[in-house]
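Chain by chain, the residues run as shown.
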Amino acid sequence: MDKYGILKKYFGYPDFREGQELLIDSILQGRDVLGIMPTGAGKSICYQVPALLLPGITLVISPLISLMKDQVQALNQAGVHAAYINSSLSESQISRALRLAAAGQYKIIYVAPERLETYEFLQFALQVDISMLTVDEAHCISQWGQDFRPGYLKIIQFIRRLKRRPVISAFTATATEKVKEDIACVLGLIQPQVLVTGFDRKNLYFAVETPPKKDVFVMQYVKEHQEDSGIIYCATRKNVETVCEKLRAQGIAAVKYHAGLGNEERRQNQEDFIYDVCPVMVATNAFGMGIDKSNVRYVIHYNMPQSMENYYQEAGRAGRDAERSECILLYSAQDVAVNRYLIENKEQNPEHTWEEIEQIRERDEERLRAMTYYCMTTGCLREYILRYFGEIGHGRCENCRNCAREYEETDVTQAAGKIISGIIECRQRYGINVTAGMLAGESRAKLREYGVSEYESYGSLKELRETEIKTIIQQMLTEGLLTTSNDKYAILKVTAEADAVLRGNRPVIWKRPKAQMNQNTERRTSSARLRKSDILNSKGLELFDRLRALRTEIAREESMPPYIIFSDKTLVDMCVRAPLEKREMMQVTGVGENKYKRYGERFLAVIADYTGGVRQKYYFGDEAAAVAQTAAGQKNRVQKGKEADFYLTNEQAQAFPFAEKYLVVELAEKLNELRDADMVKKISGAEIFRRVQEKGYAGEKMEDGIRKKYVTRTGQESGLFLGMRLSKKGTEYEDIYYNEKAQEMIVAWMKKE
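These numbers were taken from a predicted model, which means no experiment stands behind them.

### Some thoughts on the packing of helix 4 (residues 65-78) against helix 27 (residues 593-611)
Helix-helix packing is characterised by the crossing angle of the two axes and by the distance between the axes.
Alright, step 1. Orientation of helix 4 relative to helix 27, taken along the N-to-C sense of each, is 80 degrees, at an axis distance of 7 Å. Accordingly, the angle class assigned to the pair helix 4 and helix 27 is roughly perpendicular. Each of N76, Q77 and A78 in helix 4 lies in contact with helix 27, whose residues at this interface are N594, K595, R598 and Y599.
Alright, step 2. Residue classes in the contact of helix 4 with helix 27 are distributed as two nonpolar, three polar and two charged.

In structure tokens, the structure reads:
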């Protein structure tokens, strides 16, 4: 059987996802691999498929018991014999598992890194043929990563003791360039095939909220999503206890998880969440790594995490089934102080030198600063995440809170210049509080102690409130005009790019949410996108509920998490295809031979009972589109209103008001006025410019520290040209204009075929 046969027989999928086949082929050719793939991209398939084709055993090094248990359960359900070795088993159970493995019973064995150095396991490893060693959550091996685990260093010693070096494969969902280099170096990967599939998960909606009362926000949100499963992360055990109790008081089935609970209580609470007994989990970051629960519809961070790596990993536990899900971070300034305290009191590895400890602390401070900027940015949140992990974004994503907001823009270039001058005059010695207080002309005791009133900059921005000055400083930090020192004091520093502001060559625009925008209305608008499966019509939704009830019944019978029986995506595909016999059921995504033998007839019976054996249409649109959307984990956007990607009909395109010239933002405005607002979402100027760049008509470049736009010869021939424009404050700068010829071209791009 080849790799395609393995994929269909055991996992029920007809095709590989992006990147999977490349890594599988590399492993089968005996080459080491490093896969950096976001949660839900199918990392496990990349090592499980070759494990079934390689002659010997595959060892999977995994950090948490919950991860091993989930993976092994899923494999056994699919008909693959697998086992795990960790501290949850007794010594006699471990010995029996190793005997069966040595006898060829298991092709895949999950093992905790600490188990590698035990005498019994090492003797087993020396006697069997190990074809591949897979390191899951590989970022744990890097001391510069956000989740370094000293136990992972035992992997290297273990490999060196083996009689023959197996193929080494390593996988992680989050890794900066430094961590990626660390993984390859520390594991000793030999000319590895490295694959980074990208960090963008289009099914996730990102938002940062600053509610006056976080508890009120959480209670309202969870009540509005009572049919959904979600995780609420808190920074402290105290917050976990408080939030969980308040949810329970409102009649919401919630459980808690933190290191202060007993082992049995943690285990029971985790199982209640996984088995959908209690759909809401309130937890510290001790919970979640390796949890394979696919139907988590939202992740709320009650407190800001310490790093973007932590945040993206935790938020990524939403929507593993590729269904649309929400990731909401509740931010307050106090979160920064709490995280800084946790960093300062972080337990350090005793093997590290003082210099290494200081380096790690500085790196932690740097991560915290980047996390804070994420909470403050007015730009696209998805773009911020992608750029943090080294990817080039594409402007507005139209699927985050910031892209959905409307902003008022104010030119604050003059104020920014005074901020820069004030920081320089103070010889870059103070943080944001002292600097803002000085510029506002405040007279607090601390400011008098520092003698800031002696500076010429004292009171130079007294027309602004101190909070407004801080907001402008924070925006300048996110734009790279300012930075801060790598310590707890966060002293403001001026960057090289700030000089362009002083020279009047770079405007600074302050974006503020429009006052009339209602936060609750905005949030409900985004949440409205998350109704269960917009692929299905009302009859399809009813069939889905019947199939889900059967899945729950089987899960209880077998003491198995429902998502391991079949995922929601598989149930949706059953509703679209409405199979009435085995041949048709085997075409459903996620239904392999073993799953059909175990459950296929029972699901066919429910479908036959509901349909009466008569084929009907249980979905919107045509069947091919519905099947494709299910396979891709997408929704039927047109049915939802304001969800279809932007387009114009021929009649709308003919009504476009051509003019002598437009800026790109003006073009977007005119286009949006023509669209069907109930069916089609807006297009942004950034999206138009991205298409222009992709066509090779224009671009951006850095020149003397200033980002400038340019037009290519092809762009000039197509009607694009550079011209000067004035900001609201009278600052002159260069931008791209589109003449009537260019306008005709862009309108033609927007027409629906």
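After that view, the rundown keeps rolling.
### Comments concerning the side chain of S718
Alright, step 1. By the element assignment, S718 lies in the loop between helix 32 (713-717) and strand 21 (720-726).
Alright, step 2. Within polar-contact distance, the side chain of S718 engages the backbone oxygen of T714 at 2.9 Å.
Alright, step 3. Not counting residues within four places of it along the chain, the set of residues in contact with S718 comprises Y697, N739, K741, A742 and M745.

### Details of the nonpolar core
Alright, step 1. Ranked by size, the top nonpolar core spans 111 residues in total, and within it F206, Y374 and I419 carry the most contacts.
Alright, step 2. Residues within four places of Y374 in sequence aside, it is in contact with F206, V208, M308, Y311, L329, L381, Y384 and I385.
Alright, step 3. I554, M574, A578 and V606 belong to the second-largest nonpolar core, a separate cluster that totals 33 residues.

### Let's talk about the packing of aromatic side chains
Alright, step 1. Under the definition given, this model contains 23 aromatic pairs.
Alright, step 2. Ring centres 5.6 Å apart and planes at 55 degrees place the aromatic pair F121 and F124 in the tilted group. One end of the pair is F121 and the other is F124, both in helix 6 (residues 119-127) and three residues apart, which spans about a single turn. For the pair formed by F121 and F124, the shared burial category is buried.
Alright, step 3. Centre to centre, the rings of Y311 and Y374 are 5.5 Å apart; their planes meet at 45 degrees, and the pair counts as tilted. Linking Y311 in helix 12 (residues 308-315) with Y374 in helix 14 (residues 354-376), this pair joins segments that are 63 residues apart in sequence. Neither residue differs from the other here; Y311 and Y374 are each classed as buried.
Alright, step 4. Site record: aromatic cluster; members linked through ring pairs are F199, F206, Y312, Y388 and F389.
Alright, step 5. Over the face of the ring belonging to Y302 we find K214, whose NZ or CZ atom lies 5.5 Å from the ring centre.
Alright, step 6. Cation over ring: R266 sits above Y257, and NZ or CZ is 5.9 Å from the ring centre.

### Some words on the sheet that holds strand 3 (residues 82-85)
The strands making up a sheet associate through hydrogen bonds between their backbones, and the pairing can be parallel or antiparallel.
Alright, step 1. Strand order in the open sheet made by the seven strands is 3-4-2-5-6-1-7, with parallel pairing throughout. Because the sheet does not close on itself, it has two edges, and the strands there are strand 3 and strand 7 (193-196). Each strand of the sheet is rotated relative to its neighbour by a mean of 15 degrees, with strand direction disregarded.
Alright, step 2. Bridge count between strand 3 and strand 4 (residues 108-111): four bridges; the pairing is parallel. Residue pairing across strands places I85 opposite V111, the latter belonging to strand 4.
Alright, step 3. Together, strand 2 (57-61), strand 4, strand 5 (130-135) and strand 6 (167-172) form the strand contacts of helix 3 (residues 43-53), whose direction differs from that of strand 6 by roughly 160 degrees.
Alright, step 4. Packed onto the sheet, helix 7 (residues 154-161) meets strand 2, strand 5 and strand 6 and runs at close to 170 degrees relative to strand 5.

### Focus on the pairing of strand 6
Alright, step 1. Burial of strand 6 is extensive: six of the six residues sit out of reach of the surface.
Alright, step 2. Residue alternation in strand 6 divides its side chains into two sets, V167, S169 and F171 and I168, A170 and T172, and both sets are buried.
Alright, step 3. Pairing of strand 1 (residues 33-36) with strand 6 involves four bridges; the strand directions are parallel. Bridge pairing in strand 6 links V33 to S169.
Alright, step 4. Sheet topology note: the strand 5/strand 6 ladder contains four bridges and is parallel. Bridge assignment links M132 to a residue of strand 6, and that residue is V167.

### Brief notes about the state of the cysteines
Here, disulfide denotes a covalent bond that connects the sulfur atoms of two cysteines.
Alright, step 1. The tally for this structure, following the rule as stated, stands at zero disulfides.
Alright, step 2. Cysteine C140 remains unbridged, with the sulfur of C185 as its closest cysteine sulfur at 17 Å.
Alright, step 3. Accessibility expressed as a relative area gives 0% for C140, which makes it buried.
Alright, step 4. Left without a disulfide partner, C397 is nearest to the cysteine sulfur of C380, which lies 3.5 Å away.

Scoring rules and cut-offs
- Residues numbered from 1 in each chain as written.
- Predicted model: local features only at pLDDT ≥ 70, side-chain atom pairs only at ≥ 80, totals over all residues.
- Heavy atoms only, no water.
- Axes fitted to C-alpha atoms, helices over the stretch in contact; angles between N-to-C directions.
- Helix = DSSP H or I, 4+ residues; strand = E, 2+ residues; numbered from the N terminus.
- Parallel < 35°, antiparallel > 145°, perpendicular 65-115°, else oblique.
- Contact = heavy atoms within 4.5 Å.
- Nonpolar A, V, L, I, M, F, W, Y, C, P; charged D, E, K, R; others polar.
- Polar contact = N/O pair within 3.5 Å; in protein donor to acceptor, adjacent residues only side chain to side chain.
- Core = buried A, V, L, I, M, F, W, Y, C linked by side-chain atoms within 4.5 Å.
- Buried < 20%, exposed > 50% of the residue type's maximum accessible area, 1.4 Å probe, protein only.
- Phe/Tyr/Trp six-rings, centres within 6.5 Å; stacked < 30°, edge-to-face > 60°.
- Lys NZ or Arg CZ within 6 Å of the ring centre and 35° of its normal.
- Pairing = 2+ DSSP bridges.
- Disulfide = S-S within 2.5 Å.

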